[in-house]
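For reference, the chains in residue letters:
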Amino acid sequence: EAGVTQFPSHSVIEKGQTVTLRCDPISGHDNLYWYRRVMGKEIKFLLHFVKESKQDESGMPNNRFLAERTGGTYSTLKVQPAELEDSGVYFCASSQKGRSLTDTQYFGPGTRLTVL
Amino acid sequence: AQSVSQHNHHVILSEAASLELGCNYSYGGTVNLFWYVQYPGQHLQLLLKYFSGDPLVKGIKGFEAEFIKSKFSFNLRKPSVQWSDTAEYFCAVNAGDTGFQKLVFGTGTRLLVSP
């Protein structure tokens, strides 16, 4: 079974540019999460999709961040325009179906974003 | 707001030494607790999790953790570490109150095991 994949693995952009990160969850997983880790700090929750719907986007930093999950499959996270403080590692995770506190979240390898 | 504290940011041990990584959480509701590990160049993966029942939880690769409710703690232990345990370890609590998971992580502990 393929794991969670993320693309690109690294992205270096200049302040003011736009970047789009992609996450492909494990096939059949309804729940998809985005997290971010700024260097030296904790991994922070950004948002959660259940299928194609946003269940919780309370962790999104501001309106420069836009997440979508078309058709309930892969998800994209767009940052427009990027700022220096957006640098960090963006993780995606997925878990199986519905409301389950006992589910395991499976993480992707992360995308390292550097904004210059 | 919910938070997780990991007291040790860096730990260096020799092989065969015992390990205990501290984790304290701040959350008033029913807690679900997790330890994740990220080996060099690999994905974050689940080591173990606690939901209910026996407060001593056993995970993969010989790790265990004990939930002590009165101390708001969930420390990770391993009696004898190996070089291959070199990794970064993250404690997390589920702070979701809607029936969905919403993980809050600590800052992580980097463990270096010298051969």
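All of the points below concern the structure found in this document. For every chain, the first residue of its written sequence is number 1, and the numbers climb from 1 along that sequence. Going through the entries in the order they are written, you letter the chains from A and number the ligands from 1. Since the coordinates come from a predicted model, pLDDT governs what is reported: local features require at least 70, and pairs of side-chain atoms require 80 or more to be given and counted, while whole-chain, interface and lining totals use all residues. Side-chain numbers come from the whole structure's heavy atoms, not from hydrogens or water.

Description of the overall build of chain A
At step 1: A helix here means a DSSP run of H or I that spans at least four residues, while a strand means a run of E at least two residues long, and both kinds are numbered starting from the N terminus. Of the regular secondary structure elements, chain A holds zero helices and eleven strands.
At step 2: The helix and strand sequence of chain A, counted from the amino end, reads β-β-β-β-β-β-β-β-β-β-β.
At step 3: It is over C-alpha atoms that the radius of gyration is taken, and the globule rule equals 2.2 Å times the number of residues to the power 0.38. Relative to the globule expectation of 13 Å for 116 residues, the C-alpha radius of gyration of chain A, 13 Å, shows essentially globular dimensions.
At step 4: Its C-alpha atoms give chain A principal-axis dimensions of about 40 × 25 × 25 Å.
At step 5: Only protein chains enter the accessibility calculation, which uses a 1.4 Å probe; a residue whose area is less than 20% of its type maximum is buried, one above 50% is exposed, and one in between is partly exposed. Within the span of chain A, comprising 116 residues, buried residues form 50% of the whole.
At step 6: Just so you have it, chain A exposes about 5,800 Å², and 49% of that area is on carbon and sulfur atoms. Where accessible areas are quoted, they stem from the Shrake-Rupley method and a 1.4 Å probe; at the residue level, only the protein chains shown are allowed to cover.

A short note on the interface of chain A and chain B
At step 1: Here, residues are in contact when the closest pair of their heavy atoms is within 4.5 Å. Contact residues are listed per partner, giving 26 residues for chain A and 21 residues for chain B.
At step 2: We define buried area as the total accessible area lost by two parts upon association, computed with a 1.4 Å probe and summed across both. Interface area for chain A against chain B, summed over the two sides, is near 2,100 Å², with a carbon-plus-sulfur share of 55%.
At step 3: Any Lys or Arg side-chain nitrogen located within 4 Å of an Asp or Glu carboxyl oxygen qualifies as a salt bridge. Where chain A meets chain B, there are two salt bridges.
At step 4: Linking A:R37 and B:E88 is a salt bridge whose minimum nitrogen-to-oxygen distance equals 2.8 Å.
At step 5: Elements with a contribution of two residues or more to the side of chain A that touches chain B: β4 (31-37), β5 (43-50) and β6 (53-56) of chain A.
At step 6: For the side of chain A that touches chain B, a count of residues per class yields ten nonpolar, ten polar and six charged. Residue polarity is assigned by list, with Asp, Glu, Lys and Arg as charged and Ala, Val, Leu, Ile, Met, Phe, Trp, Tyr, Cys and Pro as nonpolar; anything else, Gly included, falls into the polar class.

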